[in-house]
Amino acid sequence: MAFDSLTFLVFFICIVSVNFLLPHRFRILLLLVCSYAFYMTWEIKYGLLLFISTLVTYFGAILISSAPTVFRKRAWLAINILINIGILGFYKYANFLGHTVNAITEYFSIGLHVPDFRILLPLGISFYTFKAVGYTIDVYRGAVAPEKNFPVYALFVSFFPQLVAGPIDRSTNLMHQLTAPGDFDYRKSMYGVGLMTWGFFKKLVIADRISILVDTVYNNPHSYTGLPLIFATLLYAFQLYCDFSGYSDIAIGAGKVLGFDFMKNFERPYHAKTIRDYWHRWHISLSTWFRDYLYIPLGGSRVSTFKKYFNLFVTFVVSGLWHGADWKFVIWGGLHGILLIVSYVFHDMKLKIVNALGFHRVPVVRTAFQLILVFLMVDFLYIFFRANTFDDSIYVITHLFSGLGDQRPADLLLLGLDLYELTILLAAILIMETVEVLQESGSFSDRMFRLPTAVRWASLYMLIMIVLVFKAQGTGQFIYFQF
C-alpha cells in the first residue's frame, strides 16, 4: 500500500476518523494493528521479521537496563545489535558478499563458487532495524528507560508513516508521545494535511515526471552522449530530492494529523553552501543516526586529526553501504567522505582564495557560487547512485561532455517528455524553489496561519487541484523503498 495510492488515502482517513473517537488506551492498539496491516499488504511473511526485531529489542532493552554489571550490559547490547544487524545483513548483503567472493576467487583462479540465495529484500528493513538498534543503544546509555508496555514499543518500531522509508525517529523524541497520545489539534492537523499535499506535489508532479526522462537515459546510457546525459543527471538530483523528501513530507504530515511530531528529515539541501552544510540538511534522520551511533562511538572529533578524518571516512563508507548492496554505493559514500575531509583540510585556504578574489565584497556572487558548486559536486556523485551498474556510471562520467558540438537543445525533447510536459515540470520546480526560498527567511507555516482562513483553504484546494490535474501519467515506486 503505497502512500501515493487511493487505497492509502482511504486507509488513512479511516484511521484518523476512528482514532480520535476511541479512548486513549485503545488508540495504541488501533495504530499498532493498522501499522502491521499496512506493512503486510506488501508481503505477509515480512510482518514476522518486523515482529522478531521488535521482540528481540524489547526484551533486550529490559535485560540491558536490569543487568547488574557494565560487562553484562555490554554483552546484552552486543547480542541485540548482532541479531538485528545479522538479519539485515543476511537479507540485504548475503548475495553481495557472495558475488564479491566469487569475483575474488575467479580472479585468483580458485575453485570456489558461492551460490545466490533466493531472497527478496523486505521493505523498510533498513529503516526499522536502525530505529530498533538506536533504541537499545539509547537504553544502554541511559538516555531513555526501557519501555515496559509492549504495544507502545511495538508501535514505536512499526508506526506506519515511518515504517517503510523513515524518518528514522529516536526513542527520545517519539516514545513519550506514544505513551500519552494527545487529542485532536485543528492547527496541527491542518498543517499536516498541507504538508502531505505538498509531499504529493513533489512526488506526483515533479519526481514521477522526471523519472520518465531519467529512466529513458539511464536505463540505456550507452545510446547517449553529452547533452542528454548532462540533462538527465541534473534532473535526477531533483527527482531524488522530490521523491524522498516528498515521502518524508507525507509521513511527517500524517503523523501531525494523528497528533505526533516526527523529526525533520530534510532542510532544503540544495541551498547548502558547503558539503558539511549539505549533510546537515539531507536525510537528517539517517545522517544524525550515523553521527550518534557510529561516528561518535568511533571517537568522533575528540581524537587526533588523522583519526577524526578516518572516522569520517568510515562513517560515510558505511552510510554508502547502507544505501545498497553494490560497490557503486560504497564508492558514492566514500567519495562524499573524501569531499568532507577535503573541506576540513582546505578550509583556511578556501577563505584566503575567496578573499583574494574579492568575493567577500560581493556576498550575492559568493553565495551563488557556493550554491552552484556544492550542487554540482553532489549531483555529479549522484551518477554512482542512479546508474544501474558501476560500468554504466563510468560510461556516463566519461561521456558527459562528448559530442556537445553536434547536439541541439531540441534533442532533449526526444527523451520521453515533450515540450508541454517539460514546461509543466520546469514550472513545478520553480514553484517548489520559490516556496523553499520563502522558507529560508522564516517559518512558512506560521505565515500561512496568519493569513485569513478563506485564503488558507483556497491555497490548499488549489494545491490539491494542481496535484490532481498535473500529476504524471503512471506513478513509480518511491526510490528509497529499495533501501
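Every chain's residues receive numbers from 1 upward, in the order its sequence appears when written. Two thresholds apply to this predicted model, a pLDDT of at least 70 for residue-level local features and 80 or more for giving and counting side-chain atom pairs, whereas whole-chain, interface and lining totals are computed over all residues. Water and hydrogen atoms play no part in the side-chain values, which are based on all heavy atoms of the structure.

## Things to note about the overall build of the protein
Logical step 1: Counting from the N terminus, the helices are DSSP H or I runs at least four residues long and the strands are E runs at least two residues long. Looking only at helices and strands, one finds 20 helices and 0 strands in the protein.
Logical step 2: Atoms counted for the radius of gyration: C-alpha only. Globule rule: 2.2 Å times the number of residues to the power 0.38. Here the C-alpha atoms of the protein give a radius of gyration of 24 Å, agreeing with the 23 Å that 2.2 N^0.38 yields for 483 residues.
Logical step 3: For the protein, the C-alpha atoms occupy an extent of roughly 70 × 70 × 50 Å along the three principal directions.
Logical step 4: Per-residue burial over the protein gives 50% buried out of 483 residues.
Logical step 5: When the accessible surface of the protein is summed, it comes to about 22600 Å², and 69% of that surface belongs to carbon and sulfur atoms. Think of it in three bands: with a 1.4 Å probe and only protein chains considered, a residue is buried below 20% of the maximum accessible area for its type, exposed above 50%, and partly exposed in between. Computed with the Shrake-Rupley method and a 1.4 Å probe, the accessible areas treat only the protein chains shown as cover for residues.

## A word on the confidence of the model for the protein
Logical step 1: What pLDDT conveys is the predictor's confidence in a given residue, as a value from 0 to 100. When the pLDDT values of the protein are averaged, the result is 89; 97% of them are 70 or greater.
Logical step 2: Of all the helices and strands in the protein, helix H19 (residues 444-449) carries the lowest mean pLDDT, 67, while helix H6 (residues 150-158) carries the highest, 95.

## A word on the pattern of salt bridges
Logical step 1: Only one rule defines a salt bridge in this text: a Lys or Arg side-chain nitrogen within 4 Å of an Asp or Glu carboxyl oxygen. Evaluation of the coordinates by the stated rule reveals 14 salt bridges.
Logical step 2: Note that Arg386 and Asp215 form a salt bridge whose closest N and O atoms lie 2.8 Å from each other. Linking Arg386 in helix H16 (residues 363-386) with Asp215 in helix H9 (residues 186-218), this pair joins segments that are 171 residues apart in sequence.
Logical step 3: Residue Arg386 is classed as buried on the basis of its relative accessible area of 12%.
Logical step 4: Judged by relative accessible area, Asp215 falls into the partly exposed class, the value being 30%.

## Things to note about the environment of Thr225
Logical step 1: Along the chain, Thr225 falls in the loop between H9 and helix H10 (227-257).
Logical step 2: In this structure Thr225 comes out as partly exposed when scored by relative accessible area, which is 25%.
Logical step 3: Sequence-wise, Thr225 and Val396 are 171 residues apart; in three dimensions their C-alpha atoms are separated by 7.7 Å.
Logical step 4: Each residue touching Thr225, except ones within four places of it in the same chain, is listed here: Tyr395, His399, Ser402 and Gln407. We call two residues contacting when some pair of their heavy atoms lies within 4.5 Å.

## Observations concerning the packing of helix H13 (residues 305-323) against helix H14 (residues 327-345)
Logical step 1: Every angle, taken between N-to-C directions, lies between 0 and 180 degrees, and every axis is a line fitted to C-alpha atoms, over only the stretch in contact when it is a helix. Look at H13 against H14: their axes get within 7 Å of each other, and the N-to-C directions meet at 150°. Here H13 is positioned roughly antiparallel relative to H14, judged by the angle of their axes. Judged by the twist between their axes, the crossing of H13 over H14 is right-handed. Residues Lys308, Tyr309, Leu312, Phe313, Phe316, Val317, Gly320, Leu321 and His323 of H13 pack against Phe329, Val330, Trp332, Gly333, Gly334, His336, Gly337, Ile338, Leu340, Ile341, Tyr344 and Val345 of H14.
Logical step 2: Put simply, Ala, Val, Leu, Ile, Met, Phe, Trp, Tyr, Cys and Pro go in the nonpolar bin, Asp, Glu, Lys and Arg in the charged bin, and everything else, Gly too, in the polar bin. Tallied by class, residues from the contact of H13 with H14 come to 14 nonpolar, 6 polar and 1 charged. These descriptions rest on fixed angle ranges, namely under 35 degrees for roughly parallel, over 145 for roughly antiparallel, 65 to 115 for roughly perpendicular, and the rest for oblique. The sense of a crossing depends on the near helix, which, turned anticlockwise from the far helix by less than a right angle, makes the crossing left-handed and, turned clockwise, makes it right-handed.

## Description of the side chain of Thr136
Logical step 1: Among the secondary structure elements, Thr136 is positioned in helix H5 (residues 125-141).
Logical step 2: A 3.5 Å cut-off defines polar contacts: any pair of N or O atoms within that distance qualifies, except that in protein one atom must be a possible hydrogen donor and the other a possible acceptor, and neighbouring residues in sequence count only when both atoms are side-chain atoms. Only 2.7 Å separates the side chain of Thr136 from the backbone oxygen of Val133, close enough to count as a polar contact.
Logical step 3: Once residues within four sequence positions are removed from consideration, Thr136 is found in contact with Thr57, Ile64, Leu77 and Asn80.

## Description of the side chain of Ser35
Logical step 1: With respect to the helices, strands and loops of the structure, Ser35 is situated in helix H2 (residues 24-40).
Logical step 2: For Ser35, a relative accessible area of 0% puts it in the buried group.
Logical step 3: Contact partners of Ser35, with chain neighbours within four places excluded, come to Leu155, Ser158, Phe159, Phe160 and Leu163.

## A closer look at unusual backbone geometry
Logical step 1: Backbone geometry places Arg268, a non-glycine residue, at a positive phi of 50°.
Logical step 2: Structurally, Arg268 can be placed in the loop between H10 and helix H11 (275-281).
Logical step 3: Under the relative-accessibility criterion, Arg268 is labelled buried at 12%.
Logical step 4: Even without being a glycine, His283 presents a positive backbone phi close to 40°.
Logical step 5: Tracing the backbone shows His283 in the loop between H11 and helix H12 (284-295).
Logical step 6: What makes His283 buried here is its relative accessible area of 2%.

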